[in-house]
Amino acid sequence: MVDVTEREMDNPTFKSGTVLSDVHLRCPNKRHLMVRLNAVGQPVFLSYFKLLWNTEDLASEKHVREATAEGEHQYRSGDELCDKDRSNLKKERELNSEGLEALLDDDGDLEVVRRPRSASDLEAEDLLRDKVYPVILMKGKEDAFEDEEQEYACSDVVKIEHTMATPLEDVGKQVWRAAFLLADYILFNRDMFRCCSVLELGGGTGITSIIMGTVAKRVYCTDVGEDLLAMCEQNIALNKHLMELGRGEVKVKELDWLKDEFCTDPEAAYSWSEEEIADLHDHCTVIIAADVFYDDDLTDALFRTLYRITHNLRNSCTVYLALEKRLNFTLRHMDVTCEAYSHFRDTLNDLEKLQDKKMKYTVEPIKLDFCQFLVYERIEQL
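Everything quoted here is computed from the prediction, not taken from an experiment.

Another aspect to go through is the overall build of the protein. Looking only at helices and strands, the protein features 13 helices and 15 strands. The buried share among the 382 residues of the protein stands at 46%. Restricting the contact set of the protein to residue pairs at least 6 apart, pairs at least 24 apart contribute 71%.

Printed below as a string of structure tokens:
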């Protein structure tokens, strides 16, 4: 899906009919190493996504955003919420709400990064963030990230294999903003998810399950397609050191929303055992899903799966759904619409209104005022 020549290696051309997540091409100061071709011939890249654990990193990020992007929505930064510093939580939140201390030069003057008057908004954005180009892996260069990896402590980086552009049916092989948003929420509310049993629907590359695995007892990361699930399993292996800190476990399993039952065929890859299904039904209290609402038929299928699974759970369950509201101009409406989001909202409302003697569903929004722990652009459409 990527047309790259040796002379124009730094300017990949994505062919028509593909879907591209701008997370990959707009990640600050990052290279993306092409490590292999997957089973269907798509280039697979390895990217490092930095975790922001301390206020120095966060102060720098926030200062640059405020100085170069007037009027943009600002987001607060967060510190690691460990047991030993939970007593300082109130002070940290006050600091976040009031704004971090401004950066000053040697004379005590405020340092302000000003954009040129002649620069367009896009050019101004490029002053802040370097364009990121794929790096093609050549023979003998398998350790191309070795020096870069040494710059970070193991606990500061999430390593994810992903594709850059895919057909619509393979978008799970990319990384999407809503997965980062949900990961932020998990990291900000560690205690709430600690020792939980969790199910992720449409786990894709597995980044959200990996983050959840740092605090939860067990995570079932589910999707469909052996190639995608193998990529997800590889990412979990790449980040095993993160989950070992919290003694969490992430299991990759197939879960097809278009089917009424779990796959239990022992010959099939990523099938469920009877013990795993029983464990899910007996202990699951949290279900998560990020950026899985882009096709109306799949949205309907997901809610049917959600209804079926929650009816079989022994305990009450909380479902966290994160998505990006994508606006498109359609000739049918001659207007800017967001049909996939509208269908999602309608289906969610139908679930809440459902009259069921056994179950009751309640829906409430979550304010996006929690801290940001991963480096990505938190836009207002999330």
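With that settled, the discussion passes to the sheet that holds strand β10 (residues 218-223). If you walk across this open sheet you meet the five strands as β11-β10-β9-β12-β13, and the pairing is parallel. For this open sheet the edge positions go to β11 (249-254) and β13 (318-322), each flanked by a neighbour on one side alone. Between one strand axis and the next, the sheet turns through 20° on average, direction left out of account. Against the sheet, helix α9 (residues 226-238) contacts β10 and β11, and its axis sits at roughly 175° relative to β11.

Time to look at the side chain of histidine 162. Here histidine 162 is to be found in strand β7 (residues 157-163). Of the residues examined, histidine 162 reaches a relative accessible area of 0% and is grouped as buried. At a separation of 2.6 Å, a polar atom in the side chain of histidine 162 contacts the side chain of serine 47.

Turning our attention to the packing of aromatic side chains. One pass over the structure, following the stated rule, counts 13 aromatic pairs. Taken together through their ring pairs, the aromatic side chains of Tyr185, Phe193, Tyr320 and Phe370 make up a single cluster. For arginine 190, the ring lying beneath its charged end belongs to phenylalanine 373, and the centroid distance is 5.4 Å.

Bridge count between strand β12 (residues 284-290) and β13: five bridges; the pairing is parallel. In the sheet register, valine 286 faces β13, and the bridge partner there is threonine 318. Handedness of the crossover joining β12 and β13 through helix α12 (residues 296-311): right-handed.

It is worth spelling out the pattern of salt bridges at this point. Across all of its chains, the model carries 14 salt bridges by this definition. For aspartate 227, the salt bridge goes to lysine 173, with nearest N and O atoms at 2.9 Å. Of this pair, aspartate 227 sits in helix α9 while lysine 173 sits in the loop between β8 (165-166) and α6 (177-188); the two residues are 54 residues apart in sequence, bridging distant segments of the chain. When salt bridges with common partners are traced through the structure, they connect Arg177, Asp291, Glu324, Arg326 and Glu377 into a single cluster.

In this section: the confidence of the model for the protein. Per-residue confidence for the protein averages 76 on the pLDDT scale, and 63% of its residues sit at or above 70. Here residues 1-10 is modelled with pLDDT under 50, and outside its nearest four sequence neighbours on either side it reaches 19 contacts, counting other chains as well. Segment residues 113-145 is flagged for pLDDT under 50; beyond a separation of four residues in sequence, or across chains, it makes 53 contacts in the model.

Our focus in this paragraph is helix α11 (residues 274-283). Looking at α11, one finds that the buried residues are Glu276, Ile277, Asp279, Leu280 and His281. Those residues of α11 hidden inside the fold are in contact with β9 (197-200), β10, β11 and β12.

What follows concerns unusual backbone geometry. Positive phi values are uncommon outside glycine, yet cysteine 195 reaches one of about 65°. What makes cysteine 195 exposed here is its relative accessible area of 59%. Here aspartate 291, not a glycine, exhibits a phi torsion of approximately 50°, which is positive. Looking at aspartate 291, the relative accessible area reads 11%, which means it is buried.

About the cut-offs
Residues numbered from 1 in each chain as written. Predicted model: local features only at pLDDT ≥ 70, side-chain atom pairs only at ≥ 80, totals over all residues. Heavy atoms only, no water. Helix = DSSP H or I, 4+ residues; strand = E, 2+ residues; numbered from the N terminus. Buried < 20%, exposed > 50% of the residue type's maximum accessible area, 1.4 Å probe, protein only. Contact = heavy atoms within 4.5 Å. Pairing = 2+ DSSP bridges. Axes fitted to C-alpha atoms, helices over the stretch in contact; angles between N-to-C directions. Polar contact = N/O pair within 3.5 Å; in protein donor to acceptor, adjacent residues only side chain to side chain. Phe/Tyr/Trp six-rings, centres within 6.5 Å; stacked < 30°, edge-to-face > 60°. Lys NZ or Arg CZ within 6 Å of the ring centre and 35° of its normal. Right-handed = clockwise from strand over helix to strand, strands pointing away. Salt bridge = Lys/Arg side-chain N within 4 Å of Asp/Glu carboxyl O. pLDDT = per-residue confidence, 0-100.

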